[in-house]
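For reference, the chains in residue letters:
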Amino acid sequence: MSKIHAAITAVNGYVPDYVLTNKELETIVDTNDEWITTRTGIKERRILKGEGLGTSDMAVPAVNGLLKKKGIEAKEIDLIIFCTTTPDFTFPATANVLADKIGAVNAWGYDLQAACSGFVFGLTTGAQFIESGKHKKVLVVGGDKMSSIINYEDRATCIIFGDGCGCALLEPNEEGLGVQDSILRSDGAGGKYLGMKAGGSVKPATHETIDAKEHFAYQEGQTVFKFAVTNMADVAAEIMERNHLSSDDVAWLVPHQANKRIIDATAARMGVSAEKVMVNIERYGNTTNGTIPLCLWEWEKDLKKGDNIIIAAFGGGFTWGSVYLKWAYNS
């Protein structure tokens, strides 16, 4: 009997309508278009507007679009892994909120929090349920409403992040296609450089923490940048070496969209040319867990069955990782 691999069989995405440009940010905080573009590669990002809307409200159209594209019903899904840093609530899990909204009555689910590496961790985790034979249809969702935790007076963070959501369906494959290998890493010592200072059990919300703006994302940009450049590039190169892949063998690099310079450094370390790198950071900014599935969604029409794809990410905490997969279908 052939080994079962977990293959991505459908992808979809959603971004909100509202476009927050660099020009508009110039009116909000002390920055300018040239400075942002030069240092990050970002021109604009999408923002979810509307009272009472959360991350799950972006996931619903993304997932419903996937189901329609694939021609299946929500009740066929076995498991939902929702990778997010901005859940609708501390609990219940956003995965369960989503299941209720789309009618996935037979699915169990949970949220996975690994900051910007969440979708890589979720894809690897979901693959285990397929490879073991436990489940036939696993939905991995990556999405964040980063605008809900961004201080628009802090130019170190407000220029970078946007809102968006993407999703991928994992199913069994016996042709040798799908997830081939993964390398996942974390280093909790990095938490002090990129994280949120209050809101958890250590420092619950008080008037003082709110006044001190400690419920917003915080980062020390230079430290995070140096760590990300090194580790995201190294883990992408490592997974190529471990699987005896040359740069010619790689059809596409799907990098986390945190900073154009980090993306370029990762591609250079792998020896992969620019035309093989998925980049949409200039239009969406960093959507955290949404970046990788949004790239797969936008480039889906260009992907060919059997393509070797390397996915790489880095996130707060610190977390980082890479996945090597063979694309399973022609669009």
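Anything mentioned here points back to the structure above.
Treat the numbers as computed from the prediction; the structure is a model and nothing was measured.

Novice: Please clarify how the pairing of strand S13 (residues 319-326) should be interpreted in this entry.
Specialist: The side chains of a regular strand alternate between the sheet's two faces. Across the eight residues of S13, seven count as buried, placing the element largely inside the fold. Sheet analysis places strand S8 (residues 178-186) next to S13, joined by eight bridges and oriented antiparallel. Its bridge partner lying in S13, valine 179 is registered against leucine 325. Sheet topology note: the strand S12 (residues 308-315)/S13 ladder contains eight bridges and is antiparallel. Within S13, the position partnered with phenylalanine 314 by the bridge is tryptophan 320. Between S12 and S13, which follow one another and run antiparallel, lie three residues, and glycine 317 among them has a positive phi close to 130°.

Novice: What am I meant to see in helix H9 (residues 260-270) here?
Specialist: Working note: α-helix, 3.6 residues per turn, so residues spaced by three or four point in the same direction. Along H9, the residues classified as buried are Ile262, Ile263, Thr266, Ala267 and Met270. The buried residues of H9 occupy one face: seen down the axis, they fall within an arc of 135°. Elements that come into contact with the buried residues of H9 comprise helix H8 (221-242), strand S11 (252-255) and S12. The first or second residue beyond H9 is glycine 271, which carries a positive phi of 75°.

Novice: Sorry if this is basic, but what is going on with the side chain of glutamine 257 here?
Specialist: As for its placement among the helices and strands, glutamine 257 is situated in the loop between S11 and H9. Separated by 3.0 Å, the side chain of glutamine 257 and the backbone nitrogen of asparagine 280 make a polar contact. Excluding residues that lie within four positions of it along the chain, glutamine 257 makes contacts with Ile263, Met278, Val279, Asn280, Ile281, Gly285, Asn286, Thr291 and Cys295.

Novice: I'm lost on the sheet that holds S8 in this one. Help?
Specialist: Working definition: the strands of a sheet are paired by backbone hydrogen bonds and lie parallel or antiparallel to each other. Across the sheet, which stays open at both edges, the four strands sit in the order S8-S13-S12-S11 with mixed pairing between neighbours. What marks the edges here is a single partner per strand, and that holds for S8 and S11. Shown here is a sheet whose adjacent strand axes are inclined to one another by a mean of 15°, direction ignored. Strand contacts of helix H5 (residues 118-131): S8, S12 and S13, with the helix running at about 50° to S13, the strand carrying the most contacts.

Novice: Just to check I follow, could you spell out the packing of aromatic side chains for this structure?
Specialist: Aromatic rings considered in pairs are described by the distance between their centres and by the relative angle of their planes. Taken as a whole and assessed by the stated rule, the structure comprises eight aromatic pairs. Summarising the aromatic geometry, the rings of phenylalanine 227 and tryptophan 320 are spaced 5.4 Å apart at their centres and angled 75° between planes, so their arrangement reads as edge-to-face. With phenylalanine 227 in helix H8 and tryptophan 320 in strand S13, this residue pair connects regions lying 93 residues apart in the sequence. Centre to centre, the rings of phenylalanine 314 and phenylalanine 318 are 5.1 Å apart; their planes meet at 45°, and the pair counts as tilted. Look at phenylalanine 314 and you get buried, because its relative accessible area is 5%. Phenylalanine 318 sits in the buried class, given a relative accessible area of 2%.

Novice: What's the story with the pattern of salt bridges in this structure? I'm lost.
Specialist: Oppositely charged side chains can pair when the atoms bearing their charge come close. Considering all chains together, one arrives at 16 salt bridges under this definition. The salt bridge involving lysine 101 is made with aspartate 57; its shortest N-O contact spans 3.1 Å. Pair noted here: lysine 101 is in helix H4 (residues 94-102) and aspartate 57 is in helix H3 (residues 56-70), with a separation of 44 residues, a long-range link. Since its relative accessible area comes to 26%, aspartate 57 is described here as partly exposed.

Novice: I'm lost on the sheet that holds strand S6 (residues 138-145) in this one. Help?
Specialist: Reading across the sheet, the five strands line up as S1-S7-S6-S4-S5 and stay open at both edges, with mixed pairing between neighbours. In the strand order of this sheet, the two ends are held by strand S1 (5-14) and strand S5 (108-112), each with one partner. Pairwise comparison of adjacent strand axes, ignoring direction, gives a mean angle of 20° for this sheet. The pairing of S6 with strand S7 (residues 163-173) spans eight bridges and is antiparallel. Opposite leucine 139, over in S7, you have leucine 169 as the bridge partner.

Novice: When you look at the packing of H3 against H4 in this model, what are you seeing that I'm missing?
Specialist: The axes of two packed helices give the description: the angle between them and the distance between them. It is the contact of H3 with H4, at a shortest axis distance of 10 Å, that shows an interaxial angle of 50°. What the angle tells us is that H3 and H4 run oblique. Note on packing geometry: the crossing formed by H3 with H4 is right-handed. Each of Ser56, Asp57, Ala59, Val60, Val63 and Asn64 in H3 lies in contact with H4, whose residues at this interface are Thr94, Val97, Leu98, Lys101 and Ile102.

Basis of the calculations
Residues numbered from 1 in each chain as written. Predicted model: local features only at pLDDT ≥ 70, side-chain atom pairs only at ≥ 80, totals over all residues. Heavy atoms only, no water. Buried < 20%, exposed > 50% of the residue type's maximum accessible area, 1.4 Å probe, protein only. Helix = DSSP H or I, 4+ residues; strand = E, 2+ residues; numbered from the N terminus. Pairing = 2+ DSSP bridges. Arc of directions from axis to C-beta. Contact = heavy atoms within 4.5 Å. Polar contact = N/O pair within 3.5 Å; in protein donor to acceptor, adjacent residues only side chain to side chain. Axes fitted to C-alpha atoms, helices over the stretch in contact; angles between N-to-C directions. Phe/Tyr/Trp six-rings, centres within 6.5 Å; stacked < 30°, edge-to-face > 60°. Salt bridge = Lys/Arg side-chain N within 4 Å of Asp/Glu carboxyl O. Parallel < 35°, antiparallel > 145°, perpendicular 65-115°, else oblique. Left-handed = near helix turned anticlockwise from the far one by under 90°.

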